[in-house]
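Analysis of the macromolecular model
Okay, here's what each chain looks like letter by letter:
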Amino acid sequence: MATFVFECHCYLMDDIATEIHWKTLLLALPKNGVARYFRTEESCLLRLLEVQFPNGVTCLKCGSSQLSDLADRHFYHCKECRCQFSGRQGTIFERSNLPLVKWFICAEIAIKAHAAKKLHVNFSISAVMMRLSVSHKTALRLRALVSPELLSSDGGLLGNCVSTQNIDLPNSCEPGTEEHLLLLDSALVGQGRF
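Everything quoted here is computed from the prediction, not taken from an experiment.

This paragraph deals with helix H1 (residues 15–28). A rise of 1.5 Å per residue sets the reference length of H1, with its 14 residues, at 20 Å; its end C-alpha atoms lie 20 Å apart and thus fit the reference within 8%. In terms of burial, H1 is a largely internal element, ten of the 14 residues being buried. Of the positions making up H1, those classed as buried are Ala17, Thr18, Ile20, His21, Trp22, Lys23, Leu25, Leu26, Leu27 and Ala28. Buried-residue contacts for H1 involve helix H4 (100–115), helix H6 (136–151), helix H7 (156–162) and helix H8 (178–190).

Okay, the pattern of salt bridges next. Summed over all chains, the structure comprises six salt bridges. Residue Glu19 pairs with Lys23 through a salt bridge whose shortest N-O separation is 2.9 Å. Linking Glu19 with Lys23, this pair stays in helix H1, spanning four residues, or about one helical turn. What makes Lys23 buried here is its relative accessible area of 7%.

Time to look at the packing of H1 against H8. The geometry of H1 relative to H8 is characterised by a closest axis approach of 10 Å and an angle of 30 degrees between their N-to-C directions. Judged by the inter-axis angle, H1 sits roughly parallel to H8. Here the hand of the crossing between H1 and H8 comes out left-handed. Touching Ile16, Glu19, Ile20, Lys23, Thr24, Leu26 and Leu27 of H1 are Glu178, His180, Leu181, Leu184, Asp185, Ala187 and Leu188, all from H8. By residue class, the composition of the contact of H1 with H8 is eight nonpolar, two polar and four charged.

Under the criterion given, the structure shown has five aromatic pairs. Taking the centre distance of 6.4 Å and the plane angle of 55 degrees together, the rings of Phe93 and Phe104 count as tilted. With Phe93 in the loop between strand E5 (84–86) and H4 and Phe104 in helix H4, the pair connects residues that are eleven residues apart, well separated along the chain. A single burial state applies to Phe93 and to Phe104, both of which are buried. Through a chain of ring-to-ring contacts, the aromatic side chains of Tyr37, Phe38, Phe93, Trp103 and Phe104 assemble into a single cluster.

Within the open sheet, the three strands sit side by side as E3-E4-E5. Their pairing is antiparallel. Every interior strand has two partners, whereas the edge strands, strand E3 (67–70) and E5, have only one. Strand-to-strand twist of the sheet, defined as the mean angle between neighbouring strand axes without regard to direction, takes the value 30 degrees. Across three bridges, the pairing between strand E4 (residues 75–78) and E5 is antiparallel. Looking at E5, one finds that Phe75 is bridged to Ser86.

Turning next to the side chain of His180. As for its placement among the helices and strands, His180 is situated in helix H8. Excluding anything up to four places from it in sequence, His180 contacts Ile20, Thr24, Leu169, Cys173, Glu174 and Pro175.

Our focus in this paragraph is the packing of helix H3 (residues 41–52) against H4. One can describe the packing of H3 onto H4 by two numbers: an axis separation of 8 Å at closest approach and a directional angle of 70 degrees. Looking at the two axes, H3 sits roughly perpendicular to H4. Along the contact surface, H3 presents Glu41, Cys44, Leu45, Arg47 and Leu48, while H4 presents Leu100, Val101 and Phe104. Classifying every residue of the contact of H3 with H4 gives six nonpolar, no polar and two charged.

Rules behind the numbers
- Residues numbered from 1 in each chain as written.
- Predicted model: local features only at pLDDT ≥ 70, side-chain atom pairs only at ≥ 80, totals over all residues.
- Heavy atoms only, no water.
- Helix = DSSP H or I, 4+ residues; strand = E, 2+ residues; numbered from the N terminus.
- Expected span 1.5 Å × (residues − 1).
- Buried < 20%, exposed > 50% of the residue type's maximum accessible area, 1.4 Å probe, protein only.
- Contact = heavy atoms within 4.5 Å.
- Salt bridge = Lys/Arg side-chain N within 4 Å of Asp/Glu carboxyl O.
- Axes fitted to C-alpha atoms, helices over the stretch in contact; angles between N-to-C directions.
- Parallel < 35°, antiparallel > 145°, perpendicular 65-115°, else oblique.
- Left-handed = near helix turned anticlockwise from the far one by under 90°.
- Nonpolar A, V, L, I, M, F, W, Y, C, P; charged D, E, K, R; others polar.
- Phe/Tyr/Trp six-rings, centres within 6.5 Å; stacked < 30°, edge-to-face > 60°.
- Pairing = 2+ DSSP bridges.

This is the structure we're talking about:
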């Protein structure tokens, strides 16, 4: 993925790389939408843990896999170093009481808005407030955190959480080219996403 610079809410990437990035994330979203795919907080938490710990949950402090699951609190207790942590710790969600479902839906809104700029999909503060039923302050915070997170390599943790579809390029297609972009556009049109 191309490197980027974050400045004043503008993302500077090569234009094709930017389009490819956002359209790849859009194509990887669940076909029926994030809200239908991740119906409960539990399903979001399981997805977060699956993405954050692909080889199974390990202690954030010592790396041990000897953990007790404190299920009623969604925390883990390390039997080695006695550290307690949650799946949210060390992530964009760490100090937020906002349900993961709302974070995931906000990511979908942002991806659609950035991927379909020509369609004028709205990622305004008022759109976020209305769609998620959150306060102005929360919508402002979400907008400030979600887009930069999604723009990081491969969509960051949040992008990987909401990306449930695999995208395979033909071997003949070189990543990052106009051909790559045309294939994504064709796939998006074929699925009725544009």
